[in-house]
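One-letter residues, chain by chain:
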Amino acid sequence: MRHGEPAGRPVLSEARAVLTHEVLAIDERGRRSAISIPAERPLTIYVDRRELVTLMTLGGAPEALVLGYLRNQRLVRALDDIVSIQVDWSVDAVAVVTRHGIQDVEARTAKKVVTTGCGQGSVFGGLMDEVDQIALPADARLAQAGVYRIVDTIRTQQSVYKQAGSVHGCALFTGNGDLLYFVEDVGRHNAVDAIAGLMWLDGVDGADKVFYTTGRLTSEMVIKGAQMGIPFLLSRSGTTQMGQMVAERVGMSLLARCSGRHFLLLAGHERLVFEPQLLDTPYVRPDLRADTEPRD
């Protein structure tokens, strides 16, 4: 025990993980550069050798994450109930040893509720098993003009976010940039699931569609898009290391930081049709264009 630590404190591994990952990005002018994106990795929690859940995490404070998860799930009531928390990044797992076990653990973990927040990745293991079975259309293409039309449409879309904030939005577009569905929810995973349901109900195929989300492009978002058969995924936010890795693995085009005329193409480079002439004229935000038009 280190000096100053309270009695009953669990033994922690103090595991370290690299928090960023360097990838190649291609911007709207076709210029290539190396950028850093956040790392993302699964961490499977084992409590007294029993597999509990898999969380997706940056890995900055894994022992604290596990401790907080156990506390917030009310699986462990007191700190001194835990003997140790040992993280091993070589197998993406953490072993938790308790003093007396978790009472009624089977019953208390049998029913899992998916929250409406950003998600903890508890379904990651099952989804990854299916990645190699996903085949996106090899001939799908998206023109740069289509990207810009999508970004402009989202900017002018009436939304709960503009009125109240605190929600994520997802949308499905045609390859030409025509809006098909727009859904908002308090969690981006809820919004993407709702669009998947609408596609299923309406018999809409994803092979020539483009999916847009306001949230970051994590592995779960990429996998869900691939499961919907969609070859293009756009976001005004960034991506994670595993999100980019999975996109490369399934052959999906991943465009992050989409704003105005700017974007970063991080995967599926061969699918995007660059149109450099579109950058020769100054960009005017679509919500301001009415003010620049001649008045009677």
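In the nomenclature of an unreviewed UniProt entry, the chain is known as Sulfur carrier protein FdhD of Massilia arenae. We quote the UniProt Subcellular location (unreviewed entry) comment for the chain here in full: "Cytoplasm". Its UniProt record, at the heading Function (unreviewed entry), says of the chain: "Required for formate dehydrogenase (FDH) activity. Acts as a sulfur carrier protein that transfers sulfur from IscS to the molybdenum cofactor prior to its insertion into FDH."

### Quick notes on the nonpolar core
Among the nonpolar cores identified, the biggest contains 34 residues, and I195, F211, M252 and L254 are the most heavily contacted of them. Going through the elements one at a time, β2 (20-27), β9 (168-174), β10 (179-185), α6 (188-202), α7 (219-227), α8 (241-250), β13 (253-259) and β14 (262-267) are the ones with two or more residues in this core. Each of domain 1 (11-127) and domain 2 (142-278) gives at least three residues to this core.

### Here we look at the sheet that holds β9
Across the sheet, eight strands lie side by side as β3-β2-β14-β13-β12-β11-β9-β10; this open sheet has mixed pairing. Here the strands that pair on one side only, and so sit at the sheet edges, are β3 (32-38) and β10. Averaged over neighbouring strand pairs, the angle between their axes works out to 30° when direction is ignored. By the bridge criterion, five bridges tie β9 to strand β11 (residues 209-213) in an arrangement that is antiparallel.

### Re the environment of E248
In this fold, E248 is placed in helix α8. Judged by relative accessible area, E248 falls into the partly exposed class, the value being 41%. Each C-alpha atom of the pair E248 and L266 lies 8.6 Å from the other, and the pair is 18 residues apart in sequence. With residues near it in sequence (within four places) discarded, E248 still touches L266, A267 and G268.

### A closer look at the sheet that holds strand β5 (residues 50-57)
Pairing is mixed across the open sheet formed by five strands, whose spatial order is β1-β6-β7-β4-β5. Strands at the two margins of the open sheet, each flanked by one partner only, are β1 (11-12) and β5. Taken together, the six bridges between strand β6 (residues 82-88) and strand β7 (residues 93-98) define a ladder with antiparallel strand orientation. Opposite V87, over in β7, you have V94 as the bridge partner.

### Digging into helix α4 (residues 144-156)
With 13 residues, α4 ought to run about 18 Å at 1.5 Å a step, and its terminal C-alpha atoms sit 19 Å apart, in line with that. Three or more residues of α4 are buried, namely Q144, G146, V147, Y148, I150, V151, D152 and I154.

### What about the pairing of strand β4 (residues 41-47)?
Here β4 lies mainly inside the structure; six of its seven residues are buried. Here β4 pairs with β5 via seven bridges, running antiparallel. Within β5, the position partnered with I45 by the bridge is V53. As consecutive antiparallel partners, β4 and β5 are separated by two residues, and within that stretch D48 has a phi angle of approximately 50°, a positive value.

### What to know about α7
For α7, a buried count of eight out of nine residues is recorded, marking the element as mostly surrounded by other parts of the structure. Considered for burial, the residues of α7 that qualify are S219, E220, M221, V222, I223, K224, G225 and A226. Backbone geometry just downstream of α7 places G229 in the positive-phi region, at approximately 80°.

### Some remarks on the environment of S253
Along the polypeptide, S253 turns up in strand β13. Excluding residues that lie within four positions of it along the chain, S253 makes contacts with P231, F232, L233, A267, G268 and R271. Here G268 takes part through its backbone oxygen, which lies 2.8 Å from a polar atom of the side chain of S253.

Conventions and cut-offs
Numbers given for residues are sequential positions, taken from 1 along each chain in its written order. Two thresholds apply to this predicted model, a pLDDT of at least 70 for residue-level local features and 80 or more for giving and counting side-chain atom pairs, whereas whole-chain, interface and lining totals are computed over all residues. By convention in this description, side-chain values take in all heavy atoms of the structure and omit both hydrogens and water. UniProt positions are given in the numbering used here, feature names are shortened, and annotations may be inferred rather than shown by experiment. The criterion is simple. A nonpolar core is a set of buried Ala, Val, Leu, Ile, Met, Phe, Trp, Tyr and Cys residues joined through side-chain atoms within 4.5 Å. Any residue under 20% of the maximum accessible area for its type is buried, any over 50% is exposed, and the rest in between are partly exposed; the area is computed with a 1.4 Å probe on protein chains only. Helix and strand assignments follow DSSP, with helices taken as H or I runs no shorter than four residues and strands as E runs no shorter than two, numbered in order from the N terminus. Each domain's extent was defined by an automatic or database domain assignment. Think of it this way: DSSP has to see at least two bridges between two strands before they count as a pair. Only C-alpha atoms enter the line fits that serve as axes; for helices the fit covers just the stretch in contact. Angles between N-to-C directions range over 0 to 180 degrees. Throughout, a residue-residue contact means that at least one pair of heavy atoms, one from each residue, lies within 4.5 Å. Take the residue count of a helix, subtract one, and multiply by 1.5 Å to get its expected span. Two N or O atoms form a polar contact when they lie within 3.5 Å of each other; inside protein one atom must be a possible hydrogen donor and the other a possible acceptor, and for residues adjacent in sequence the pair counts only when both atoms belong to side chains.

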